[in-house]
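Close look at the chain arrangement
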Number of protein chains: 2
Amino acid sequence: MAQKPSIPKGTRDFSTQEMARRNYIFDTIRSVFRLYGYRQIETPAMENLSTLMGKYGDEGDKLLFKILNSGDFLSGVDEELLATRNSLKLTNRISEKGLRYDLTVPFARFVVQYRDEIKLPFKRFQIQPVWRADRPQKGRYREFYQCDADVVGSDSLVNEVELLHLIDDVFKRLGIRVAIKLNNRKILAGIAELIGEPDRLIDITVAIDKIDKIGLEKVNEELAARGLQPAAIEALQPFLAIDGTTGERIARLETLLADVAIGREGVEELRYVVETAETIAPMEACIDVDTSLARGLNYYTGTIIEVKALDVEIGSITGGGRYDNLTGVFGMPGISGVGISFGADRIYDVLNTLGLYPGEIGQTTRVMFVNLGKEESLAALRLAASLRESGISAEVYPEAGKLKKQFAHADALHIPMVAIIGADELAAGTVSLKNLSTGEQKTVTPDGLAAELASAN
Amino acid sequence: MAQKPSIPKGTRDFSTQEMARRNYIFDTIRSVFRLYGYRQIETPAMENLSTLMGKYGDEGDKLLFKILNSGDFLSGVDEELLATRNSLKLTNRISEKGLRYDLTVPFARFVVQYRDEIKLPFKRFQIQPVWRADRPQKGRYREFYQCDADVVGSDSLVNEVELLHLIDDVFKRLGIRVAIKLNNRKILAGIAELIGEPDRLIDITVAIDKIDKIGLEKVNEELAARGLQPAAIEALQPFLAIDGTTGERIARLETLLADVAIGREGVEELRYVVETAETIAPMEACIDVDTSLARGLNYYTGTIIEVKALDVEIGSITGGGRYDNLTGVFGMPGISGVGISFGADRIYDVLNTLGLYPGEIGQTTRVMFVNLGKEESLAALRLAASLRESGISAEVYPEAGKLKKQFAHADALHIPMVAIIGADELAAGTVSLKNLSTGEQKTVTPDGLAAELASAN
C-alpha cells in the first residue's frame, strides 16, 4: 500500500470523540453568549489582503496565509520584478487574498461595511477558525478556533459587569474553577504618570508583568535595565507590594493614585465593575485585581480581563478588554467597545487534564439494534424509526452477522444499550434489551421500549 | 471617510439574522444526522496539494485555491523555470497546500490515515465550508458549506433505507415538500448492455438526463448525434416511456431487464430499498423512481439519490449515492459506502422563497431591561442575572437614556418583551413588563417574572 496520506503540519483532524468534546465546549460557550443577548455573525475565511495587511504588525503580515491568484497569475508581473527574485514584492502581485488571522479585524471590517444596517450597541459573537503561519509547536496550531463576543457602540461599564458574569457562567457550566484577573489601562497610565515616566508605560508593564515568574528583585533590575530612573523605581514599589482582599487592593490603589486624574478614573471604573458584578449575583470565579496584568496594551484602553484556570498550570484561557477605536483603521473613528475571547484549545486541554467531561458526551446513539437477518432487521428498522419519532437516537447494525462482533461494535462506539430481535423475539413480538455497562438484560414490548430507554442509565 | 472595505467576490458575510436562519438549517440537519447514529468529524481547511490534485479532473485542479508557501518561497525556484513565466509549473514550486474543495476527498484521506483506529462500518457526518475558485454568479459561491453523511465499510442496503428516512426526516422538520428521485447505476449499465451499447453508458445517460427539459424527440436526436445506432435508440424507447406508480415502474424495469444480470441486480436493489423504506414507517417525501437520473456516474456504483423541492423551481437540494471505492486513490482499495450531501445554500433559498422559517428564529433574547439610571440598572442587572439562572436569555440596555430609543432598539432586534424598572417600580419592588407585539403592559413581582416570560407569546 502507498504511503499514508497526511495533513499540513500545524493542522488537525478531529475524530468523532474529539468533536464530541469540542462541541460540548462550543455549545456551552454559544448558549451562554445567547443567554446574554449576543448574536452570531460569520465572515468569510478569505479576506482581501488590503483588509488584513498592516493590522498585526510586520510580524503578523508574515504570518498571514496568502492565497495564490487563480489562473495565469504571472501574466501581469513584469520581467524586472521577477528577475529580482524578491518573494515579498512578488507576493503583492500574485496574491490578493489571505486567510483570516483573527476575528477582530474581520469584525471591524464588518462593522464599517454594514454600518448603515447595524443597530448600536451591537452585541455580536463569532466562533470560527483562524489561520496563522506560525512555527507549529506543542499547543500552537496553524488553524484554531476563536470564540469572540464583543459589544460595540457603548461606553457603559454595564457591559463589563455582564461580561464578567458571562465568563463566570461559562466556566461554572464547564466545571472549571477560575480566577478572573482584572486591571485597567488607565490605572497603568496613572502609575506611569505618578512615578514621572508617563511615556514608559509599556516598559514598566512588560517588566512588572513578570513579577510572578521572576520575583520583585529581578523586576526592579529589569526596570533599571530598561532605563527607568532609581526614583521612579522607588516610587513604583508601593504598587508592587499591593495585596490583601479585592476591596483592600482597590482602596490602596485609590489612595496611591489620589492625585492622578487618569489613575483615579481607572480605579473608579475598576471599583464599579467589581462591586456591581459581585452585588448583582453570586459568582464562582475569584476576582483578582492585578496591576501587573498588561495584556493587549497596544489595543485596550480601559478594563483588561484575563482568566486563569486554578487547577491546571496553563496560560490564560480567556482574555479581553475595552478598546476605544475598533474601526479607525478602516476610516471610521469613534467606535468603542469591550470584548472577550475564549481560548477553545486551552479550555479543551484543561477539561482533558481534569477529566471534566460529562459521561454522556460520547454517546450520540442511545440504542443499537443488532441485525440477525432479513425479517429480524425489518422489525428492527421499524422500531428504530419509531424511537426516532420519539427523539431517541437509534441505529440498526447494517450487516446480518455474528452477535459478538455486533456487540463489540456497540461497545467500541460507547452505545449504552443494545436491542436484540431474533427468532424468539419475532415470534413473541418482544425485544430483548441489554444494558452494556451493567450487563442487565430484560424483555420488553415494542410499546414499552421508548420508556425503558429513556429511564435506563 | 475612506472607501468602505469589502470582501472577496464570491464570498459572503452572514448577518445575525442570516446566521439565525442558517443555524436553523444546520441544527436541523445535525440533529437528524445524530438521531440516525452519524458522528461528526472535522478536517483542516488546508490539505496538502498532493491530497487534492488529480481528484477532481483537470478543471477541478484549476478551481483549487492554492496557498502560497510562507517565507521566501522563491528561494528554491530555479532561474529557468522563472524565465518561462509558466504560472502552472511555478505553482507546484511555490505552493504546497490548498483549500478543501469538497468533503469527500478529505474524508477518504481521513479514513486511510486513521484506518487502524476507525471501527467499520463507520457512520460519519461533516458540516464544513469548502472553497472553489469558480466564476462567481447568482447562487454560486467561492465559499459554501457542505453537509455530508456517509457510512463506509458496509455493502448492506439497510444503509440506503435509513438514508431515505433520514432525508425524509430532515425535510419534514424543515417543512419542505420534496420528491426523492432514485435510480441505480446497475440499471443504467443493464440498459446500456441490453441495447448493445455497453460502453456508451455516459453518452446514453447524459442524453436521457435531459428528457424533462428538451423532450423525447430531442433526446433521440442527441443520442443519434452521439453516435448511437438507430437500433440501439429504438431499443431504448421502452425505458424512456416508463411511467405509472413506483410499483409499476419497478415491475416494468424488471420485465425489460429480465435477461440482463447486472440490470436485474439493480432492479432488485431498487425494489428492496423502496419497499423496505415504505414499509418500516410512513414517509412524507414522494419516492420517484427515475431512470433518467444520472448524477455522479463517474463515482456512484449502485443507488443514486437526488432530492427536488416540489414547491420551488430550483435544482437538486440534496444528492448522494453508493460507491465502491472511496479510498482507492490513496492506495486503500475495497472501502465501499453510501452517502448523502445536503445543499445548505439551496435549502436556504427554498426556505426564504416559501417563508418557512419559524417565527421565533430571530429572537435570541427573550427580554430586554431598559436602563433608567444607576440604581434602576442595578435592579435590572440583578433580575437579568436571575432570569439567566432559569435559562431565560435577557439583556440590559447598557446606557441610561431615553425610553423611546431603548424601545426602538428592542424592536429592531425583534426582542419580544421589554422590562421597565423606573423610580416607581424601584419604590414598589415591581417590574413593568411590556409585550412589544401586542402592546400589552402589566406589573409583575420579581419572583413572578420568569413564569410570566415563559408563558407570554
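You'll find the structure just up there.
The present account deals with the structure reproduced in this document. (Residues numbered from 1 in each chain as written. Chains lettered and ligands numbered in written order. Predicted model: local features only at pLDDT ≥ 70, side-chain atom pairs only at ≥ 80, totals over all residues. Heavy atoms only, no water.)

Here we take up the interface of chain A and chain B. Contacts between the two partners involve 112 residues from chain A, matched on the other side by 112 residues from chain B. Counting each side, the surface lost to burial between chain A and chain B is near 9500 Å², with a carbon and sulfur contribution of 58%. Ranking the residues of chain A by area buried against chain B places A:Arg39, A:Arg85 and A:Arg388 at the top, with a combined share of 8%. The tally of links from chain A across to chain B stands at 14 salt bridges. For B:Asp13, the salt bridge is made with A:Arg109, and the minimal N-O distance between the two is 2.6 Å. Linking chain A with chain B are 52 residue pairs in polar contact (both at pLDDT 80 or more). Sorting elements by how many residues they give to the side of chain A that touches chain B places helix α15 (residues 374-389) of chain A first, with 7 residues. (Contact = heavy atoms within 4.5 Å. Buried area = accessible area lost by both parts, 1.4 Å probe. Salt bridge = Lys/Arg side-chain N within 4 Å of Asp/Glu carboxyl O. Polar contact = N/O pair within 3.5 Å; in protein donor to acceptor, adjacent residues only side chain to side chain. Helix = DSSP H or I, 4+ residues; strand = E, 2+ residues; numbered from the N terminus.)

Let us now look at the packing of aromatic side chains. Counted by the stated rule, this structure contains 24 aromatic pairs over all chains. Centroid distance A:Phe33 to A:Tyr38: 6.4 Å. Interplanar angle 55 degrees. Geometry classified as tilted. For the pair A:Phe33 and A:Tyr38, a shared accessibility class is recorded, and that class is buried. Among the aromatic residues, those joined into a ring-pair cluster are A:Phe33, A:Tyr38, A:Phe125, A:Phe171 and A:Phe342. If you follow B:Arg22 out to its NZ or CZ, it ends over the ring of B:Phe14, 3.8 Å from the centre. (Phe/Tyr/Trp six-rings, centres within 6.5 Å; stacked < 30°, edge-to-face > 60°. Buried < 20%, exposed > 50% of the residue type's maximum accessible area, 1.4 Å probe, protein only. Lys NZ or Arg CZ within 6 Å of the ring centre and 35° of its normal.)

Our focus in this paragraph is the relation of the copies chain A and chain B. Expressed as a screw operation, the relation of chain A to chain B combines 0.0 Å of axial shift with a rotation of 180 degrees, fitting to an RMSD of 0.1 Å. The relationship between the two copies is best expressed as a two-fold rotation axis. Every residue of chain A has its C-alpha some distance from the rotation axis, and the shortest such distance is that of A:Ile67, at 2.3 Å. Here 100% of the interface residues in chain A have copies in chain B that are interface residues too; the copies meet face to matching face. (Least-squares fit on C-alpha atoms with pLDDT ≥ 70 in both.)

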